[in-house]
Amino acid sequence: FVIHHSVVIVVSLFALHPFSHLYGSFFFGVSEVSTTVLAIVALFDAEHGVEELERDFPNTRLIIGGVFAVSFFIVRGIIWPYLTYFYCRDGFRILDNDPDIHSRFLVKLFMGGLLTLS
């Protein structure tokens, strides 16, 4: 938990560097769709959410939980690894062919951060 969020903070600090703009919309935006659904699931939890929601809508948590599972699998299990491959491929191409175009440090930092978060 601590390592994951520490890496997220460091990578986010450098996210405006031009290298990651193409992929940033997914890794910093779209990938959080399942997290948003999970937050809604938490609202229906009797212990940590709104007790009345769990009581008044007992099946809603199960339905939204299913939506979360499907969205998590699609976004984090299919699309994330697919884009990670292309992100790293592009990073290695930059490191091999264009050392003066981007900061080598940031390219390595972003690739390391992505692989750590994967």
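Residues numbered from 1 in each chain as written. Predicted model: local features only at pLDDT ≥ 70, side-chain atom pairs only at ≥ 80, totals over all residues. Heavy atoms only, no water.

Caption draft 1: Representation of the overall build of the protein chain. Scanning the protein chain from terminus to terminus reveals six helices and zero strands. Ordered by position from the N terminus, the helices and strands of the protein chain form the series α-α-α-α-α-α. In terms of overall dimensions, the protein chain has a C-alpha envelope of 60 × 25 × 20 Å along the principal axes. The buried share of the protein chain, reckoned over its 118 residues, is 29%. (Helix = DSSP H or I, 4+ residues; strand = E, 2+ residues; numbered from the N terminus. Buried < 20%, exposed > 50% of the residue type's maximum accessible area, 1.4 Å probe, protein only.)

Caption draft 2: Geometry of the packing of helix 1 (residues 2-13) against helix 6 (residues 104-117). Where helix 1 contacts helix 6, the two axes come as close as 10 Å, and the packing angle between them is 150°. The angle between the axes of helix 1 and helix 6 places the two elements in the roughly antiparallel class. In this structure, helix 1 meets helix 6 at a crossing whose hand is left-handed. Residues Ile3, His4, Val7, Val8, Val10 and Val11 of helix 1 touch helix 6, and the partners they reach there are Leu109, Phe110, Gly113, Thr116 and Leu117. Of the residues contributing to the contact of helix 1 with helix 6, the split by class is eight nonpolar, three polar and no charged. (Axes fitted to C-alpha atoms, helices over the stretch in contact; angles between N-to-C directions. Parallel < 35°, antiparallel > 145°, perpendicular 65-115°, else oblique. Left-handed = near helix turned anticlockwise from the far one by under 90°. Contact = heavy atoms within 4.5 Å. Nonpolar A, V, L, I, M, F, W, Y, C, P; charged D, E, K, R; others polar.)

Caption draft 3: Up close: the layout of surface pockets. Roughly 470 Å³ of volume is contained in the largest pocket. Lining the largest pocket we find 25 residues, and of these Val8, Phe27, Glu32, Trp80 and Leu117 sit closest to its centre. When contributions to the lining of the largest pocket are tallied by element, the ones reaching two or more residues are helix 1, helix 2 (21-27), helix 3 (33-43), helix 5 (60-97) and helix 6. Considering only residue class, the lining of the largest pocket consists of 13 nonpolar, 10 polar and two charged. (1 Å grid on protein atoms, 1.4 Å probe; cavity = no way out; pocket = protein on both sides within 12 Å on 5 of 7 lines; lining within 4 Å. Points joined across faces, edges and corners; volume = space filled by probe spheres on them.)

Caption draft 4: Structural view of the pattern of salt bridges. What the rule picks out here adds up to four salt bridges. Across the salt bridge formed by Arg76 and Glu32, the nearest N and O atoms sit 3.5 Å from each other. With Arg76 in helix 5 and Glu32 in the loop between helix 2 and helix 3, the pair connects residues that are 44 residues apart, well separated along the chain. For Arg76, a relative accessible area of 25% translates into the label partly exposed. (Salt bridge = Lys/Arg side-chain N within 4 Å of Asp/Glu carboxyl O.)

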